[in-house]
Amino acid sequence: MTQRARTDHDGPERADGTAIDAGAELDPVHPVKPPAPRFTPGGLTTAEVAERVARGDINDVPVRSSRSTADIVRGNVFTRFNAIIGLLWAIMLIVAPIQDSLFGFVILANTGIGIIQELRAKNTLDGLAVIGEAKPSVRRDGTTAEVSTSEIVLGDVIELGPGDKVVVDGTLGEADGLEIDESLLTGEADPVLKKAGDPVMSGSFVVAGSGAFTATKVGRAAYAAQLAEEASRFTLVHSELRSGISTILKYVTWMMVPTSIGLIISQLVVKDTDLKESVARTVGGIVPMIPEGLVLLTSVAFAIGVIRLGRKQCLVQELPAIEGLARVDVVCLDKTGTLTEGGMDVTEVRPLGGAEPAYVEKVLGALGESDPRPNASLQAIIDAYPDSADWRCTESLPFSSARKYSGASFSEGDGENNTWLLGAPDVLLPAGDPALQEIDGLNEQGLRVLLLARSARELDDPAVATAVRPTALVVLEQRLRPDAADTLRYFEDQAVKAKVISGDNAVSVGAVAGKLGLPGAQNTVDARDLPAERTAMAEALDGNSVFGRVTPQQKRDMVGALQSNGHTVAMTGDGVNDVLALKDADIGVSMGSGSEATRAVAQIVLLNNSFSTLPSVVAEGRRVIGNITRVATLFLTKTVYSVLLAVLVVCSQVEYPFLPRHLTLLSTLTIGIPAFFLALAPNTERARPHFVKRVMRYAVPGGVIAAAATFATYLIARHHYSGPGSLEAETSAATLALFLTSMWVLAIIARPYTWWRVALVGAMGAAFLVVLVVPWLQHFFQLKLEGTTMPWTAVAVAAGAAALIECTFRWVDRRFPA
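Residues numbered from 1 in each chain as written. Predicted model: local features only at pLDDT ≥ 70, side-chain atom pairs only at ≥ 80, totals over all residues. Heavy atoms only, no water.

1. Looking at the sheet that holds strand β9 (residues 330-333)
The test is simple: In this description, strands pair whenever DSSP reports at least two bridges between them. Under the scheme used here, helices are H or I runs from DSSP no shorter than 4 residues and strands are E runs no shorter than 2 residues, and both carry numbers assigned from the N terminus. Lines fitted to the C-alpha atoms define the axes, with helices restricted to the stretch that makes contact. Angles between their N-to-C directions range from 0 to 180 degrees.
Reading across from one edge, β8-β21-β20-β19-β9-β16-β18-β17 is the order of the 8 strands in this open sheet, with mixed pairing throughout. Looking at the sheet topology across the chains shown, the edges are occupied by β8 (314-316) and β17 (524-526). Averaged over neighbouring strand pairs, the angle between their axes works out to 20° when direction is ignored.

Shown next, in the form of structure tokens:
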């Protein structure tokens, strides 16, 4: 079988019929400009490829899915708070014993851990990106082979088919019904029909037809390729977690500056004490104001999430996508490739109108051979019916999701020429046609039905699908994914609404969804009946779960309508018809076997094509969000009580009660070590919005009560102790009160209790007790409780503060629910 002839030249023609060479015009600066590469059907030779590689005409744009090593190191080391702590650390190394400089070593260790974890995540991402990278089909030495995008050279001939992404700029040399979507570049949603000689731009993708083009701009010479490179790099897209932490840190900085200045003046000028001691206590007041570990722990939690998902063959192209999917309350599923596997089987062919079965099989075999890039339905027909050698294809029309049918014209060997269409029966047949009643029964069984029809018009006639003659029904059975039912059940249990949005017949889609146990599957909606107005569409979407005959543009509109109604929307898909919706959804999820275009715009790619991986992504996001919310409360409680203690000290004109060593010990036992374990623990709590509000509603009252209890204990101790060594005794009593109060905050944050959480809190308490009873640790941390009256007073004050914190937190839960 042969297909229709293609044009031989590679561009538009002059009036005299000669081809225009786009590179022949003169440049005023460089008068001699090399000609643009011409289209050669067989592609370049090996020698020509080597020559272009030698002179640097290669597609050398680096495509990365993660930050570079230098960016990771720079992002973890050169931070505002590291600079402040580094300066304070340098001062302390000069004026105080090494135990007052421990906070600096802790920051070094934390920063190192952050770098190592992000590098591990980078290696995971980069490795998965290589696995998931699409390889364009390139013609060289007269044969077609797949090569890496980076191996393309100037002048290469690159083949295109449905779902392929255009990876470099070029000029078409062949086009067979080629329709290219340039919406990612121009914003125009309608596909553009391309002919030989037309330009193609990197970043666009094929929605129908096939063709081949010559690469005229590769690497950084292609502007659109540069845009695509920027879009595919590691990016910090909108993340409520990250933006919330940034907001908190901004306010912390504003509080720190005036408080620190007041503390410095108070300790160095007003109090006539030893200079080195004053400097040490001043630094001791400033350091705990900085929630330095919060940003680090967030990065580590994200990084470990990437590594965990990477082990399940899930490529997270943008880190906050883990968080985003955890916040999703509506997930839109494309049936084909998501709920069902890609392959199909022909179960039956029913001739209509007295058509001969043998003749129908010949037509189907010829239609299968007419499309060089068959979709799953046509591939099933190809597998079932071989091509007839005496039939010749004179023209073909590839399948398009927008029109819902494909077609071809044949010379059938006996001198007769006919035009055949294969597509959706309810699109090709008028309403009320008797054949539709038979089809409805098949659709209700979840079967996919295609209509083979003969058209009396030419294939290029816009009305080719009008008044067609039904010839046969082709019944296809779809293979359900074995894990789809469990995944849908998981989303139902997590209060995430699933919407099945498909281009197939609505009744058939509903039957498939019903087999998988989707709630509301019996109420199906034909998308052709959906209102175009966004508000009305949103109401229809909220009230139903299964939608059929949805066009690619409608999928995009439906995502927008759901978002306008306050929903956070995830969209899954694998076909080129899903690209627009994937791009507009809050989170786009693509199958690894899907088209290159869908993988390029999705934030999450399931490389193992397993829909059941999605619950793992949701769970990982919930772990990150829930746990970071927990530990953020710990960090910011410390910031609040540190700022308030400094203010109380300045106002009271007394020595700051703590040295850096005391607060390093407290921070390590009540925040640092517990936060690390709590941040990485399992957490199935559903993600909730308003991160800043949820954290601060606990941190502010907790910090205020802790500061008041500590300062009260300190003032009582100042009246109780006198003489040499009294300041050390006062500090020890205040440290005990602050530790016990902070431990109660930790105990609340660690709820609900499990054996390891109880063990964690208990271990921190035991560690502090060891410091109090071991002589050399007492000396090292300058902590020694004198007598019994004041230590028990500190315990009593801390117990009262703990009770007040418990009551306050419960009142906050009732009064200010998040």
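2. A look at a nonpolar patch on the surface
For clarity, the cut-off: Patches here are clusters of residues that have more than 30% relative accessible area and form no salt bridge, with a 9 Å joining cutoff for like charges and a 5 Å cutoff for nonpolar side chains (Val, Leu, Ile, Met, Phe, Trp, Tyr). Shrake-Rupley sampling with a 1.4 Å probe provides the accessible areas, and residues are treated as covered by the protein chains on show and by no other component. Salt bridge, as used here, is a side-chain nitrogen of Lys or Arg placed within 4 Å of a carboxyl oxygen of Asp or Glu. Only protein chains enter the accessibility calculation, which uses a 1.4 Å probe; a residue is then buried when its area is under 20% of its type maximum, exposed when over 50%, and partly exposed in between.
On the surface, L93, I94, I98, F105 and L108 cluster together to form a nonpolar patch covering roughly 510 Å² of accessible area. Those elements giving two or more residues to the nonpolar patch turn out to be α3 (80-95) and α4 (102-132). Within the secondary structure, L93 is located in helix α3. Given a relative accessible area of 44%, L93 falls into the partly exposed group.

3. Considering unusual backbone geometry
A cis geometry characterises the amide bond from R751 onward to P752, with omega recorded as -5°. In this fold, P752 is placed in the loop between α24 (726-749) and α25 (755-773). With a phi angle near 55°, R549 is a residue other than glycine that sits in the positive phi range. When you line up the elements, R549 lands in the loop between β18 (546-548) and α18 (552-564).

4. Digging into the pattern of salt bridges
Per the stated rule, a full pass over the model turns up 25 salt bridges. Among the ionic pairs, E51 bridges to R55, the shortest N-O distance being 2.9 Å. By relative accessible area, R55 is classed as partly exposed at 45%. Close ionic contact of E620 with R308 constitutes a salt bridge, the shortest N to O distance being 3.3 Å. You can see E620 sitting in helix α21 (residues 614-652) and its partner R308 sitting in helix α9 (residues 292-310), a full 312 residues away along the chain.

5. Focus: the nonpolar core
Where we set the bar: By nonpolar core we mean a set of buried residues, namely Ala, Val, Leu, Ile, Met, Phe, Trp, Tyr and Cys, connected to one another through side-chain atoms within 4.5 Å. The contact criterion used throughout is that any non-hydrogen atoms of two residues lie within 4.5 Å.
Counting residues in hydrophobic clusters, the biggest one holds 85 residues, and the most contacted among them are F103, I628, V631, F691 and F768. Of the residues forming this core, the biggest block, 12 residues, is contributed by α21. Residue contacts for F691: discarding those within four places in its chain leaves E240, L241, G244, I245, I248, I628, T629 and A632. Within the second largest apolar cluster, 38 residues are counted, among which are V500, A521, V546 and V618.

6. Concerning the confidence of the model for the protein
The line we're drawing: Known as pLDDT, the predictor's confidence for each residue is given on a scale from 0 to 100.
Summing up the model confidence of the protein, the mean pLDDT is 81 and the portion of residues at 70 or higher is 89%. No element of the protein has a lower mean pLDDT than helix α6 (residues 223-232), at 49, and none a higher one than α25, at 94. Confidence drops under pLDDT 50 across residues 1-33; counting only partners more than four residues distant or on other chains, this segment forms 55 contacts. Here residues 228-237 scores under 50 on pLDDT; set against residues more than four positions off or in separate chains, the count is 19 contacts.

7. Considering the pairing of strand β3 (residues 157-160)
Of the two faces of β3, the one holding V157 and E159 and the one holding I158 and L160 are both buried throughout. Bridge count between strand β1 (residues 137-140) and β3: 2 bridges; the pairing is antiparallel. Counted as the bridge partner of V138 is I158 from β3.

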